[in-house]
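So the chains spell out like this:
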Amino acid sequence: MILWSAAIAILVAQFVRVDRSNPAVPGDLSAPPVVKDALERACYDCHSNQTRWPWYSAVAPLSWGIHYEVDEGRRRLNFSSWTDYTSDRGTEDQKLDEVASLIASEAMPPWYYRAMHPGARLTAAERATITRWVADGKSSNASRAGGVSERGAR
Amino acid sequence: MSLKTTAASILSLTLLAAIANPSARAADDSSQLRFHGGAVEPTSLMLPANTPVKLRVTNSADAAIEFESFELHRERVVQPGQTITVYLPALPRGTYPFFDDFSHGAVKGEIVSR
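Numbers given for residues are sequential positions, taken from 1 along each chain in its written order. Each chain gets a letter, beginning with A, and each ligand a number, beginning with 1, in the order they are written. With the structure being a predicted model, the display of local features is reserved for residues of pLDDT at least 70 and the display and counting of side-chain atom pairs for 80 or more, all residues being used for whole-chain, interface and lining totals.

*Asks:* Mind showing me how you'd approach the environment of V40 of chain B here?
*Replies:* Residues and elements named next belong to chain B. Mapped onto the secondary structure, V40 falls in strand β2 (residues 39-41). Judged by the 24 C-beta atoms lying within 10 Å of it, V40 is buried. Sequence separation between V40 and S60 is 20 residues; the distance between their C-alpha atoms is 9.7 Å. Those residues in contact with V40, other than ones at most four positions away along the chain, are L33, R34, F35, V107 and G109. Helix numbering and strand numbering both begin at the N terminus, where a helix is a DSSP run of H or I of at least 4 residues and a strand a DSSP run of E of at least 2. Backbone-placed C-beta atoms define the burial measure: a residue is buried with 20 or more other C-beta atoms within 10 Å of its own, exposed with 12 or fewer, and partly exposed in between. Contact definition: two residues whose C-beta atoms, as placed from backbone geometry, lie within 7 Å.

Quick look at the structure:
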């Protein structure tokens, strides 16, 4: 009886659809290829408009959780809209600091994402490269006047 | 033209220029937020639409705050006693919520562009 109820609940849940669209990319982050590749593998599914939606992202209730993660991820940090941050250098610096800090501490990408996407795992060398790139970019930006970042985006 | 008339003309033209120039409005003391004691003032800040603004954010509390707005794409930590400048682009008319992320959203307000 319980199994039947669960099966029916899961079946009904499929009618609650979520948005799996990818909006346009207005201004993607500009970074050296080795950094960009690592960020795309490890971060872009949740933190960009270039999300890869696997087949199970259409199956409820898993789809609800994945949609929430992507929606929240894009709100907090979106590499596809990087130009929105660069018009305030302080914001860009802070975003990059958080990226470096969370990647260095292995808090990001989350363990459950890494478990399902082994290719998203970053090596120690990749984490160090990203951290170094962030530090180099900030010291470069600091030498310029004004509040608008010169780091730019493509 | 007498000296008094000349001075009055210059003053009138200066006032007209200040009113007509939105940047002048944006640069005055109305473009600021102050966080203190678990609150923010003002909770609703009016800014001119379609005009870049330098927003001053002051933290008068004892602990750091994080000024954040998803809609404005801005995120800045402000240490106790510090005032920072947040550059806002020309905003279309609308309402843009912001919050102190360190307060887990308890302290919040909005910027109204019109």
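*Asks:* What is the right way to read the interface of chain B and chain A from this model?
*Replies:* A common way to report how large an interface is uses the accessible area buried once the components associate. Between chain B and chain A, the residue contacts involve eleven residues of the former and twelve residues of the latter. Of all the secondary-structure elements, those providing two or more residues to the side of chain B that touches chain A are β6 (74-78) and β7 (83-88) of chain B. All amino acids are sorted into three groups, where Ala, Val, Leu, Ile, Met, Phe, Trp, Tyr, Cys and Pro are nonpolar, Asp, Glu, Lys and Arg are charged, and the leftover types, Gly among them, are polar. Along the lines of polarity and charge, the residues of the side of chain B that touches chain A split into six nonpolar, two polar and three charged.

*Asks:* Explanation requested: unusual backbone geometry in the structure shown.
*Replies:* Most peptide bonds take the trans form, and the phi angle of most residues other than glycine is negative. Looking along the chain, the bond that leaves M108 of chain A and enters P109 of chain A is cis, with omega of -10°. Tracing the backbone shows P109 of chain A in the loop between α6 (89-104) and α7 (111-116). With an omega of -10°, the peptide bond running from E41 of chain B to P42 of chain B counts as cis. Here the phi dihedral of N50 of chain B falls at roughly 60°; this positive angle occurs in a residue that is not glycine. By the secondary structure assignment, N50 of chain B is in the loop between β3 (44-47) and β4 (53-59). Residue classification places N50 of chain B among the exposed positions, given that 12 C-beta atoms sit within 10 Å. Despite not being glycine, H73 of chain B has its phi angle at roughly 55°, a positive value. Positionally, H73 of chain B belongs in the loop between β5 (65-69) and β6.

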